[in-house]
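Listed below are the residues making up each chain.
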Amino acid sequence: MAKETAGLPPYFNIDPDVALNDLGAPLGTEGFAQIAQACAQGRADLASRGLNEEGRKTLRLFSTWEITRYLIPVAQAHFRRVLKQNPELPQGRSETEGGAKWFTLDEVLRLRTHFASEGSKAKEYRPYRPDGLAAKMVAVANFKGGVGKTSTAAHLAMSAALDGYRVLVIDLDSQGSMTSIFGGVVEDEWNTVFPLLARHYAGHMRVENQRRLDRGETPQPLDDTLTEALNVKATDVIQSTHWPNIDLIGAQLNLYWAEFQIPVWRMNGRGWKLWDALTDTLAADGVLDDYDLIFIDTPPALGYLTINGLSAADILLVPLGASFLEFDSTGRFFDMLHSTFASIEEGENMAARALGREEMGFEWDAVRAVVTRYDDSQQAELGALMQAYLGRTLSPHRQGFTALIGQAGEQVSGIYEADYRDFNRETYARGRETFDATYAAFKRLLLGIWRREELEAEETRAGAA
């Protein structure tokens, strides 16, 4: 009998009694709580790896080799010579007698400042950043899960930080994966963007109530939540991370209630422009002047939080895999974006036309789809087809899958947080190439946008003169 069934697929000849023994008891509602608790314990265990004695994440050190290859474009010998000539500069630390010197990222940033002021003007020690322009906001979105949305946003944020930019990361996904990557601690929804959105709505209602009073009508009272939100500033919810130049507005499960609360506010205050809530509050609190880049990780759904993130963004990045299903789903995502924002524009502009006011329209400086987890040996044909149909919208760089991704995921870390000594220099260098190229493609967009705005500002000043 064993010989007769040996070649059969595994779904033949399953013994019902054996299946029953493996089944277990039926699951009630309380069972979900038990599963959630088990996941929470496992998550805490995984997240705790790499924490210091105070229970906080720490960023690894960077060697002289890594600094001169990836961060400060000078020869190692010149780098050492400059340190010797300037003993007031960070000197690093050696783990063995006469061994390689290692530096914190904060020390690297200080060294970069020195080289920028004293070194060759022909070299790029600091990234391009025009004066007088606000931070650029970058939303990473797709309503299909598993496309690398959070990891793309996290690695771009880390790349930008290594490049010398001041970065803020905003987690709009109540799953809080981005928050975990950056070691954020979020007790409840009052440590998320929720109070900033509530404040914007409360401010709108105060204006409306004054208008009601002016007309002799009864104002709508603000509940305790809205009254409390009026006193919350963006700085109250921004927390530092283990990266010296990356800050975070985190997320946790309670943030999801915003998806139920926002439509209630919208019904009570139909004139409230919810899509401006995040941008307006960040601008009012000076956040756009405090940072160079703001990365927004959105939920895998086109809800109210995602609409806020997309509306706030100057740049929209849409990660997807090189598969038919993901290509198809992403097309539907863009179709839904069109329907959603066209509907908002039409509703607003009907009123604007009736009142003789200027019409509004959403606009993004750049929109790019980015292929992630790419395997050139198996997906080249589909990748080329996607490029042919999407053209400029699809970034020509395709982010390959490397062994570094798996290790970083196991350690709840980013690729750039991996210590190359866990591999070797050559493996590390090959592994990060695809992420460096992803950042280079993004940075090309960013610099082009900033340069366009810089030239427009110069033309405006010349015209005024």
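Residues numbered from 1 in each chain as written. Predicted model: local features only at pLDDT ≥ 70, side-chain atom pairs only at ≥ 80, totals over all residues. Heavy atoms only, no water.

Enquirer: Can you explain the overall build of the chain? Please cite residues and give values.
Expert: Counting secondary structure elements, the chain contains 19 helices and 11 strands. Taking the principal axes of the C-alpha coordinates as reference, the chain spans close to 85 × 80 × 50 Å. Taking all 465 residues of the chain together, 45% fall into the buried category. Here the analysis covers contacts within the chain between residues at least 6 apart in sequence; of these, 76% occur between residues at least 24 apart. Accessible surface computed for the chain: about 24500 Å², of which carbon and sulfur atoms make up 52%. Charged side chains of the chain number 47 positive and 65 negative; the gap between the two group centres comes to 7 Å. (Helix = DSSP H or I, 4+ residues; strand = E, 2+ residues; numbered from the N terminus. Buried < 20%, exposed > 50% of the residue type's maximum accessible area, 1.4 Å probe, protein only. Contact = heavy atoms within 4.5 Å. Areas by Shrake-Rupley, 256 points an atom, 1.4 Å probe, with all protein chains shown as cover. Lys, Arg positive; Asp, Glu negative; His and termini not counted. Charge placed at Lys NZ, Arg CZ, Asp CG, Glu CD.)

Enquirer: Describe the environment of Asp171, with residues and values.
Expert: Here Asp171 is to be found in strand β5 (residues 167–171). Counting along the chain gives 211 residues from Asp171 to Leu382, while the straight-line C-alpha distance between them is 32 Å. Not counting residues up to four positions away in its chain, the partners in contact with Asp171 are Gly176, Ser177, Met178, Thr179, Ile249, Gly250, Ala251, Leu255 and Asp297.

Enquirer: Which residues make up the sheet that holds strand β8 (residues 293–297), and what values do they have?
Expert: Strand order across the open sheet formed by eight strands is β6-β7-β5-β8-β4-β9-β10-β11, with mixed pairing between neighbours. The strands lining the two open edges of the sheet, one partner per strand, are β6 (239–240) and β11 (394–400). (Pairing = 2+ DSSP bridges.)

Enquirer: Which residues make up the nonpolar core, and what values do they have?
Expert: One finds Ile72, Phe79, Phe182, Trp243, Phe295, Leu317 and Phe442 to be the most contacted residues of the largest nonpolar core, which totals 52 residues. Looking at this core element by element, the count peaks at eight residues for helix α7 (residues 149–162). If we skip the residues at most four places from it in the chain, Trp243 touches Leu59, Leu105, Met158, Ala161, Leu162, Phe182, Tyr416 and Glu417. Grouped together as the second largest cluster of nonpolar side chains are 51 residues, Ala234, Val237, Ile249 and Ala277 included. (Core = buried A, V, L, I, M, F, W, Y, C linked by side-chain atoms within 4.5 Å.)

Enquirer: Quick rundown of the packing of helix α4 (residues 64–71) against helix α19 (residues 425–464)? Include the residues and the values.
Expert: Contact pair α4 / α19: the axes reach a minimum separation of 13 Å and the direction vectors enclose 30°. With respect to their mutual orientation, α4 and α19 come out roughly parallel. Here the hand of the crossing between α4 and α19 comes out right-handed. Across the interface between the two elements, Trp65, Glu66, Arg69 and Tyr70 from α4 touch Arg425, Tyr428, Ala429, Arg432 and Asp436 from α19. Residues of the contact of α4 with α19, tallied by class, amount to four nonpolar, no polar and five charged. (Axes fitted to C-alpha atoms, helices over the stretch in contact; angles between N-to-C directions. Parallel < 35°, antiparallel > 145°, perpendicular 65-115°, else oblique. Left-handed = near helix turned anticlockwise from the far one by under 90°. Nonpolar A, V, L, I, M, F, W, Y, C, P; charged D, E, K, R; others polar.)

Enquirer: Kindly report on the side chain of Lys443, identifying the contributing residues and their values.
Expert: Tracing the chain through its elements places Lys443 in helix α19. Residue classification places Lys443 among the buried residues on the basis of a relative accessible area of 13%. Here Glu124 takes part through its side chain, which lies 2.9 Å from a polar atom of the side chain of Lys443. Once you skip the residues sitting within four places of it in the chain, Lys443 turns out to touch Glu124, Pro127, Asp163 and Tyr165. (Polar contact = N/O pair within 3.5 Å; in protein donor to acceptor, adjacent residues only side chain to side chain.)

Enquirer: How would you explain the pattern of salt bridges if you had to name every residue and give the values?
Expert: For the coordinates displayed, the defined rule picks out 22 salt bridges. Arg93 is the partner of Glu107 in a salt bridge, and the nearest nitrogen-oxygen pair spans 3.1 Å. Of the two residues, Glu107 is situated in helix α6 (residues 105–118) and Arg93 in strand β2 (residues 93–94); the sequence distance between them amounts to 14 residues. For Glu107, a relative accessible area of 13% puts it in the buried group. Residue classification places Arg93 among the partly exposed residues on the basis of a relative accessible area of 36%. For Asp436, the salt bridge identified is with Arg432, shortest N-O distance 3.0 Å. Separated by four residues within a single helix, Asp436 and Arg432 lie in helix α19, roughly one turn from each other. When salt bridges with common partners are traced through the structure, they connect Arg60, Glu66, Arg432 and Asp436 into a single cluster. (Salt bridge = Lys/Arg side-chain N within 4 Å of Asp/Glu carboxyl O.)

Enquirer: How would you sum up the packing of aromatic side chains? Please name residues and give values.
Expert: In this structure the tally under the stated criterion is 23 aromatic pairs. A centroid spacing of 6.1 Å and a plane angle of 10° characterise the contact between Phe79 and Phe115, whose relative ring orientation is stacked. Here Phe115 lies in helix α6 and Phe79 lies in helix α5 (residues 76–85), a separation of 36 residues in the sequence. Take Phe79 and Phe115: they sit in the same class, and that class is buried. Seen in terms of ring centroids, Phe362 and Trp364 are 6.2 Å apart; in terms of plane orientation they differ by 20°. Their pairing is stacked. In this structure, Arg432 packs its charged tip against the face of Tyr70, placed 3.6 Å from the ring centre. (Phe/Tyr/Trp six-rings, centres within 6.5 Å; stacked < 30°, edge-to-face > 60°. Lys NZ or Arg CZ within 6 Å of the ring centre and 35° of its normal.)

Enquirer: Lay out helix α15 (residues 304–312) in plain terms, naming residues and giving numbers.
Expert: Most of α15 sits inside the fold, with eight of its nine residues counted as buried. Those residues of α15 lying buried are Leu305, Thr306, Ile307, Asn308, Gly309, Leu310, Ser311 and Ala312.

Enquirer: Hey, could you go over a nonpolar patch on the surface for me, with residue numbers and the actual values?
Expert: Judged by side-chain polarity, Leu8, Tyr11, Phe12 and Ile14 come together as a nonpolar surface patch covering roughly 450 Å² of accessible area. As for its placement among the helices and strands, Tyr11 is situated in the loop between α1 (2–5) and α2 (16–23). (Patch = residues over 30% accessible without salt bridge, like charges linked within 9 Å, V, L, I, M, F, W, Y side chains within 5 Å.)

Enquirer: Go over the sheet that holds β2 with me, naming the residues and quoting the values.
Expert: Read across the open sheet, the three strands follow the order β1-β3-β2; overall the sheet is antiparallel. Sheet topology places β1 (62–63) and β2 at the edges, where each strand pairs with a single neighbour. Pairing of β2 with strand β3 (residues 101–103), which is carried by two bridges, proceeds in the antiparallel orientation. Paired with Arg93 across the strands is Trp102, a residue of β3.

Enquirer: Would you mind going over the side chain of Asn142 in detail, with residue names and values included?
Expert: Tracing the chain through its elements places Asn142 in the loop between β4 (136–140) and α7. At 3.1 Å, the side chain of Asn142 and the side chain of Thr330 are in polar contact. Dropping the residues within four chain positions of it, Asn142 is found in contact with Val147, Lys149, Pro299, Pro300, Val318, Pro319, Leu320, Thr330 and Phe333.

Enquirer: Any chance you could break down the pairing of β5 for me, citing the residues and the numbers?
Expert: Counting buried positions along β5 yields five of five residues, so the element is predominantly enclosed. In β5, alternate side chains face the same way, and those of Val167, Val169 and Asp171 on one face and Leu168 and Ile170 on the other are all buried. Sheet analysis places β5 next to strand β7 (residues 246–249), joined by four bridges and oriented parallel. Its bridge partner being in β7, Val167 is matched across the sheet by Ile246. Pairing between β5 and β8: five bridges, direction parallel. The partner of Val167 across the bridge, within β8, is Leu293.

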